[in-house]
Amino acid sequence: MHIFTTNKPRTAKTIFPANCANVFVNIFRAVDIYGLAIDNNSKILPLFMYEIKADLEQLKEFIEKAFEGQNIEDKKNEIVQLNILMSEEGFWDDAEKGAEISQRASALNRAVEKWEGILAELNALLEILSQMRADEDPEGVEELREMVKELKKNWRELEIETFLSGKYDEKN
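Residues numbered from 1 in each chain as written. Predicted model: local features only at pLDDT ≥ 70, side-chain atom pairs only at ≥ 80, totals over all residues. Heavy atoms only, no water.

Student: Give me the lowdown on the overall build of the chain, citing residues and values where you can.
Tutor: Per the secondary structure count, the chain includes six helices and two strands. Tracing the chain from N to C terminus, the helices and strands come up as α-α-β-β-α-α-α-α. The buried share of the chain, reckoned over its 172 residues, is 26%. Taking contacts inside the chain between residues at least 6 apart in sequence as the whole, the part at least 24 apart equals 55%. When the accessible area of the chain is evaluated, it comes to approximately 12,400 Å², of which 54% is carbon and sulfur surface. (Helix = DSSP H or I, 4+ residues; strand = E, 2+ residues; numbered from the N terminus. Buried < 20%, exposed > 50% of the residue type's maximum accessible area, 1.4 Å probe, protein only. Contact = heavy atoms within 4.5 Å. Areas by Shrake-Rupley, 256 points an atom, 1.4 Å probe, with all protein chains shown as cover.)

Student: How would you explain the packing of aromatic side chains if you had to name every residue and give the values?
Tutor: Applying the stated criterion across every chain yields a total of three aromatic pairs. Summarising the aromatic geometry, the rings of Phe91 and Trp92 are spaced 4.9 Å apart at their centres and angled 85 degrees between planes, so their arrangement reads as edge-to-face. An angle of 75 degrees between the planes, with centres 5.9 Å apart, marks the rings of Trp115 and Trp155 as edge-to-face. One end of the pair, Trp115, is in helix α5 (residues 95–131); the other, Trp155, is in helix α6 (residues 138–164), and 40 residues separate them in sequence. (Phe/Tyr/Trp six-rings, centres within 6.5 Å; stacked < 30°, edge-to-face > 60°.)

Student: Can you tell me about the side chain of Gln70, naming the residues and giving the values?
Tutor: Inspection of the secondary structure puts Gln70 in the loop between α3 (47–68) and α4 (72–87). The residues contacting Gln70, other than those within four sequence positions of it, are Lys75, Trp115 and Thr162.

Student: Go over a nonpolar patch on the surface with me, naming the residues and quoting the values.
Tutor: A cluster of nonpolar side chains, Ile160, Phe163 and Leu164, forms an exposed patch at the surface whose accessible area comes to about 360 Å². Its location among the elements puts Leu164 in helix α6. (Patch = residues over 30% accessible without salt bridge, like charges linked within 9 Å, V, L, I, M, F, W, Y side chains within 5 Å. Salt bridge = Lys/Arg side-chain N within 4 Å of Asp/Glu carboxyl O.)

Student: Describe the packing of α4 against α5, and please don't skip the residues or the numbers.
Tutor: Running from N to C, α4 and α5 cross one another at 145 degrees; their axes reach a closest spacing of 9 Å. Where α4 crosses over α5, the handedness of that crossing is left-handed. For the pair α4 and α5, contact is made by Ile72, Lys75, Lys76, Glu78, Ile79, Leu82, Leu85 and Met86 and by Ile101, Ser102, Arg104, Ala105, Leu108, Asn109, Ala111, Val112, Trp115 and Glu116, respectively. Counted by class, the contact of α4 with α5 contains eleven nonpolar, two polar and five charged residues. (Axes fitted to C-alpha atoms, helices over the stretch in contact; angles between N-to-C directions. Left-handed = near helix turned anticlockwise from the far one by under 90°. Nonpolar A, V, L, I, M, F, W, Y, C, P; charged D, E, K, R; others polar.)

Student: Kindly report on the side chain of Lys75, identifying the contributing residues and their values.
Tutor: By the element assignment, Lys75 lies in helix α4. Looking at Lys75, the relative accessible area reads 18%, which means it is buried. Here Lys75 is in contact with Gln70, Leu108, Ala111 and Val112, once residues within four sequence places are set aside.

Take it as geometry only, folks, not as evidence of what the structure does.
This is how it looks when you write it as structure tokens:
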């Protein structure tokens, strides 16, 4: 390996042969010796901010994939249909059937609110992260870190609740 001596600024391509440059660039993207990280958009972040961003991106992948499997639009349509049914005259004449339908509508509402809420919380944190400058607001970074921690906790609870829910769990 030769180190080129030129007046050009040193880059991976001028210091290393062409076949090594890509390896160096990929390593540098992960972490450099100053505790900085470079994300995929070539934005330099302090390492702890990169960790927060990585956590949020991983959560986004998990939450969005799970959200798609929840058929939220179908649940919303069913809620509308149940509300129409419950508003009909004589709906409560059969109290047992009325209570069952009302419970179903409530359970669907709770599920939709939880899933839309966690997705909205995730998107809000990603927006906050994109606007935050660690050097100008270190307290804000710590607050963001706590908010991400809370989102992870909420996601884990929703994930377990979804995994454990079944046909008869709505009646508990």
